[in-house]
Amino acid sequence: MEFINARSNFELVKIKEFTHPNKFKFEFLGDSLENISTECMVEILGSRKPILFCEGSKTDYDYKIYEKLFGNSYTVIPTGNCLSVENSVDACNMHASTYSIQSAIGIIDSDLKSSEEVERLRTKNVYSLRCNEIEMLLLDESIFKAVLNRTFKSASIFDDFKEA
């Protein structure tokens, strides 16, 4: 978007279809961002929902858990490591009003961060788990039993396992 806004005397073109190696179908959008439909802006800029950045990739537990917990309210985007989450939240929120994009928050593992560091991150809309890593939540008895219950299994399975 910065690239587009820095140009004058331009015409926006959307690639509607591509077939390898060099077959394109284009849609000409005009010479102003105002001429772009809301649908096209959503395609260009992403979700209408606020953004939730998390650590990891789409194959990691972080993304899978946050997508299940918050996917109805947020577009969950994994960005790699903790610093990447912080930088992504900063960049998104800095440009949100300029480019009509949604605001963002981040969730990261605590990774033994000090309370001062946790508070500094919170002021930037990056929230730290109370445990070191998201996977540790899977070891919490109340969460484990809630998952069993949600999957229509008896919580006694956990008690039996614990006793054995």
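Before reading further, recall that the structure is shown in the block above.
No experiment lies behind these values; they were computed from the predicted model shown.

Cut-off values and rules
Residues numbered from 1 in each chain as written. Predicted model: local features only at pLDDT ≥ 70, side-chain atom pairs only at ≥ 80, totals over all residues. Heavy atoms only, no water. Helix = DSSP H or I, 4+ residues; strand = E, 2+ residues; numbered from the N terminus. Buried < 20%, exposed > 50% of the residue type's maximum accessible area, 1.4 Å probe, protein only. Contact = heavy atoms within 4.5 Å. Areas by Shrake-Rupley, 256 points an atom, 1.4 Å probe, with all protein chains shown as cover. 1 Å grid on protein atoms, 1.4 Å probe; cavity = no way out; pocket = protein on both sides within 12 Å on 5 of 7 lines; lining within 4 Å. Points joined across faces, edges and corners; volume = space filled by probe spheres on them. Nonpolar A, V, L, I, M, F, W, Y, C, P; charged D, E, K, R; others polar. Salt bridge = Lys/Arg side-chain N within 4 Å of Asp/Glu carboxyl O. Pairing = 2+ DSSP bridges.

**Student:** Go over the overall build of the chain with me, naming the residues and quoting the values.
**Tutor:** A count of helices and strands for the chain gives 7 helices and 6 strands. When the helices and strands of the chain are read in sequence order from the N terminus, they spell out α-β-β-α-β-α-β-α-β-α-β-α-α. Counting all 164 residues of the chain, 29% fall into the buried class. Long-range contacts, defined here as pairs at least 24 residues apart, represent 43% of the contacts in the chain between residues at least 6 apart. Summed over its atoms, the accessible surface of the chain is roughly 11,400 Å², and 54% of this surface lies on carbon and sulfur atoms.

**Student:** I'd love a proper account of the layout of surface pockets, names of residues and values included.
**Tutor:** Remark: the empty space left among the atoms is shown by a probe the size of a water molecule rolled over them. Roughly 470 Å³ of internal volume is contained in the largest pocket. Contributing to the lining of the largest pocket are Lys 64, Ile 65, Lys 68, Leu 69, Leu 137, Leu 138, Ile 143, Ala 146, Val 147, Arg 150 and Thr 151. For the lining of the largest pocket, the secondary-structure elements that each account for two or more residues are helix 3 (61-70) and helix 6 (141-150). The residue inventory of the lining of the largest pocket, partitioned by class, reads 7 nonpolar, 1 polar and 3 charged.

**Student:** Now, about the pattern of salt bridges: what can you tell me, with residues and values included?
**Tutor:** On inspection of all chains with the given rule, the structure shows 9 salt bridges. The salt bridge involving Glu 117 is made with Arg 120; its shortest N-O contact spans 2.9 Å. One end of the pair, Glu 117, and the other, Arg 120, are both in helix 5 (residues 115-122), 3 residues apart, so they sit about a helical turn from each other. The class for Glu 117 is partly exposed, based on a relative accessible area of 26%. According to the relative accessible area criterion, Arg 120 is partly exposed, its value standing at 34%. By sharing partners, the salt bridges in this structure join Glu 86, Asp 90, Glu 117, Arg 120 and Lys 124 into a single network.

**Student:** Describe the pairing of strand 5 (residues 104-108), and please don't skip the residues or the numbers.
**Tutor:** Of all the 5 residues making up strand 5, 5 are buried; the element is thus mostly covered by neighbouring parts of the structure. Across the two faces of strand 5 the burial is the same, with Ala 104, Gly 106 and Ile 108 and Ile 105 and Ile 107 all buried. Bridge count between strand 3 (residues 51-54) and strand 5: 4 bridges; the pairing is parallel. Paired with Cys 54 across the strands is Ile 107, a residue of strand 5.

**Student:** With reference to specific residues and values, describe unusual backbone geometry.
**Tutor:** At Leu 112, a residue that is not glycine, the phi angle is positive and equals roughly 60°. One non-glycine residue with positive phi stands out, namely Phe 152, at about 60°. Relative to the assigned elements, Phe 152 resides in the loop between helix 6 and helix 7 (156-163). You can call Phe 152 exposed: its relative accessible area is 80%.

**Student:** Account for helix 3, with residues named and values stated.
**Tutor:** Regarding helix 3, the residues found buried are Asp 62, Tyr 63, Ile 65 and Tyr 66. Taken together, the buried residues of helix 3 touch strand 3, strand 4 (75-78) and strand 5.

**Student:** Outline the pairing of strand 2 (residues 23-30), supporting the account with residue identities and numerical values.
**Tutor:** In the sheet, strand 1 (residues 12-19) pairs with strand 2 via 7 bridges, with the strands oriented antiparallel. Note on strand 2: the bridge partner recorded for Ile 15 is Phe 26.

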